[in-house]
Every structure is written in C-alpha cells, then in structure tokens.
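# Understanding the architecture of this molecule
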Amino acid sequence: RSAQEMKHMENISSLFHGSTPDEYQRLESKSGEQPWEMIMDKKHFKLWRRPIEGTHLYQYRVFGTYTDVTPRQFFNVQLDTEYRKKWDSLVIKLDVIERDLATGSEVIHWVTHFPYPMYSRDYVYVRRYSVDKENNLMVLVSRAVEHPSVPEDPEYVRVRTYESQMVIRPHKTFDENGFDYLLTYSDNPQTVFPRYCVSWMVSSGMPDFLEKLHTATLKAKKMEIEVRDYMSAKPIESGSSEGKASVASAEHKSEGTCGPAQLEYA
C-alpha cells in the first residue's frame, strides 16, 4: 500500500507539475476519496491536508525531495532514537520499551514539549520499517498502541491516536544523494483549542521537524557522527527462541522474554 501511494503521488507530481491546488483537488475527488487541500507549496516540498471523517481532525501529507543526502542516511537518522535526543530539542524522553527481534518492530515511548501553554504530550507507539531493494523503496510506519510498561503519567497528556507513514524513493541508489519522500501523518493531540489552531500547529510544526531532520542528517554526514545502520540490521529468524526481547532503554538490555501475542499488532 505504501508503494502504491508513493507511485500515485509521483504520477500526480509529474502530471500536475506547476498546477493549482484546485486542479489537484479535482483529480482526487474523481477517485472517490476525500479531496486533499494544499496548504503549503515550497520549493522542496508540498503539504496537503484533508478532514478525517467523524472528527474535528485532519490527516496531513507531505511530498518532498532532498538532493544533498543519501536515502540511507536520512532513513537511519529517523530511526536512531539516541541521536534524535541530541538534535531534537523538543524531546523530553525517547526510549525503546520493547523490541521484536524477529520482525524489527519496536515499541517506543516518546515524551515531547508542546507549545506554551499546553502540557507536554507523551506517545506510546509501535514502529516497523522495511527496505525493499527490488522496488527501490524504504518504508517506516508507526501507530499508537497501549503497553503495560508505560502507564499514563499525570504530568503529561497521553496521545492515543497517532499514525505516521514515511516512504522514501531513491533517485538512483540507497547510497547516492537524492530521493523523494512521502509522509502521511495524523494524530489527536487532545487540545481544547479550536480546529484551526491545531491545524496551524501541525502544518507549521511538520515542515520545521522535517528541516531539523534534514539538518541532522547533513550534520551526521559531514561530521561522520556514528548512526546505527538499520538497513544492515538483520532480524533474527522468527523460529528463534530469542525472537522477542524487552528493553529498558534504547540499549539492548534484555529483561526477559515477553508473551508472543504482544507484538502481533505491529
């Protein structure tokens, strides 16, 4: 599905290069889907949103390009939780709670600052990534889950609705500069602010995050900062008795095996 959506966006981009937002909306409406509204059109990316039926929330989509870093570098910097603590000043806490070594799925606890006067938010989510060398694609998907190791903390507001999907298409190879990416994102930050305020926060915060991610990737590249290579990490065969591990932090500290059903939702 991720590959199909990326292909669709590539087709749209080539067919309607330089078109107006109205033209793009008309194309989406014909397919029977809720139309996307373009809210930002920059040199290196475009940002759309569309209402999520039955809610006051929006789903967001960013389609962009970078030419000065490699897909592998960009992908690894996104996944490296330890490095993110250094380059993302909004992070209060970011830990891997549980890891399924058979599939590569990880449960993450993320606590982040929100704009004043709002409380900080915390997210518990599962993420899984895939590198499809045959189709020249990289995919990273995340969504909110509940986990017994991370009960709600009264100091933070727990975000229970969150989904994110990043697809990366190299212009050439995984290790040569240049790629397109498609980020689809939605969450419910549970604010008392009106819809347009939440929309403004997300639509201004997302490009800011992507630029920080890009800068961090450039910095890692130029300064040769050691970032874990997730592309080369080979998951243990699912038949292994060590297929699932519980970790106290982003380090590989095992606290014993966990029940086989706990990560099946990934």
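Only a predicted model underlies this, so the values are computations on that prediction, with no experimental measurement involved.

## Considerations on the overall build of the chain
Scanning the chain from N- to C-terminus turns up five helices and 11 strands. Looking at the 266 residues of the chain, the share that counts as buried comes to 48%. In the chain, the proportion of contacts linking residues at least 24 apart, taken out of those at least 6 apart, comes to 59%. Entry remark: accessible area of the chain is about 14300 Å², with carbon and sulfur atoms responsible for 50%.

## Side note on the packing of aromatic side chains
In total, this model carries 15 aromatic pairs according to the counting rule given. Geometrically, the ring pair formed by Tyr 125 and Tyr 162 is edge-to-face, given 5.4 Å between the ring centres and 70° between the ring planes. Taken together, the positions of Tyr 125 in strand S6 (residues 121-132) and Tyr 162 in strand S9 (residues 162-170) put the pair 37 residues apart, joining distant regions of the chain. Seen in terms of ring centroids, Tyr 129 and Tyr 230 are 5.7 Å apart; in terms of plane orientation they differ by 90°. Their pairing is edge-to-face. Remark: Tyr 230 occurs in the loop between helix H5 (195-222) and strand S11 (244-246) and Tyr 129 occurs in strand S6; sequence separation between them is 101 residues. Both residues of the pair, Tyr 129 and Tyr 230, belong to the buried class. The rings of Trp 110, Tyr 123, Tyr 125, Tyr 162 and Tyr 185 are connected pair by pair, giving a single aromatic cluster. Taking NZ or CZ as reference, Arg 49 lies 4.2 Å from the ring centre of Tyr 58, over its face. The ring of Phe 114 carries Arg 121 above its face, with NZ or CZ at 4.9 Å from the centroid.

## Considering the confidence of the model for the chain
Averaged over the chain, the pLDDT score is 79; the fraction of residues at 70 or greater is 74%. Mean pLDDT across the elements of the chain bottoms out in helix H2 (residues 21-30) (51) and peaks in strand S5 (residues 106-112) (96). Low pLDDT, under 50, characterises residues 235-242; the predicted model gives this stretch nine contacts beyond four residues in sequence or across chains.

## Focus: the pairing of strand S3 (residues 58-66)
Of all nine residues in S3, eight are buried, a share of seventy percent or more. The hairpin turn running from strand S2 (residues 45-51) into S3, its antiparallel successor, is six residues long, and Gly 54 in that turn takes a positive phi close to 80°. Where S3 and strand S10 (residues 179-187) come together, seven bridges link them in antiparallel fashion. Directly across from Tyr 60, in S10, lies its bridge partner Tyr 185.

## Topic: the environment of Leu 90
Structurally, the position occupied by Leu 90 is in the loop between helix H4 (81-87) and strand S4 (91-100). Along the sequence, Leu 90 and Phe 114 sit 24 residues apart, while their C-alpha atoms lie 7.8 Å from each other. Non-local contacts of Leu 90, meaning those with residues more than four positions away in its chain, are made with Val 111, Thr 112, His 113 and Lys 212.

## Here's the deal with the pattern of salt bridges
In the structure shown here, the tally under the stated rule is 14 salt bridges. Put simply, Arg 72 and Asp 229 hold a salt bridge, and the shortest N to O gap is 2.7 Å. One end of the pair, Arg 72, is in helix H3 (residues 71-79); the other, Asp 229, is in the loop between H5 and S11, and 157 residues separate them in sequence. With its nearest N and O atoms 3.0 Å apart, the salt bridge here joins Glu 82 to Lys 85. Here Glu 82 pairs with Lys 85, and both are found in helix H4, just three residues apart, close to one helical turn. One connected set of salt bridges, linked through shared partners, spans Arg 72, Asp 175 and Asp 229.

## Examining the side chain of Arg 169
Residue placement: Arg 169 occurs in strand S9. Residue Arg 169 is classed as buried on the basis of its relative accessible area of 17%. Polar contacts involving the side chain of Arg 169 include one to the main-chain carbonyl oxygen of Asn 135, which spans 2.8 Å. Once residues within four sequence positions are removed from consideration, Arg 169 is found in contact with Met 6, Lys 7, Glu 10, Asn 135, Asn 136, Leu 137, Phe 179 and Asp 180.

## A look at the environment of Thr 103
Within the secondary structure layout, Thr 103 lies in the loop between S4 and S5. The spacing of Thr 103 and Tyr 129 is 26 residues in sequence and 9.0 Å in space, taken between C-alpha atoms. Within the local environment of Thr 103, its side chain forms a polar contact with the side chain of Ser 105, the two groups lying 3.1 Å apart.

Definitions and limits used
- Residues numbered from 1 in each chain as written.
- Predicted model: local features only at pLDDT ≥ 70, side-chain atom pairs only at ≥ 80, totals over all residues.
- Heavy atoms only, no water.
- Helix = DSSP H or I, 4+ residues; strand = E, 2+ residues; numbered from the N terminus.
- Buried < 20%, exposed > 50% of the residue type's maximum accessible area, 1.4 Å probe, protein only.
- Contact = heavy atoms within 4.5 Å.
- Areas by Shrake-Rupley, 256 points an atom, 1.4 Å probe, with all protein chains shown as cover.
- Phe/Tyr/Trp six-rings, centres within 6.5 Å; stacked < 30°, edge-to-face > 60°.
- Lys NZ or Arg CZ within 6 Å of the ring centre and 35° of its normal.
- pLDDT = per-residue confidence, 0-100.
- Pairing = 2+ DSSP bridges.
- Salt bridge = Lys/Arg side-chain N within 4 Å of Asp/Glu carboxyl O.
- Polar contact = N/O pair within 3.5 Å; in protein donor to acceptor, adjacent residues only side chain to side chain.

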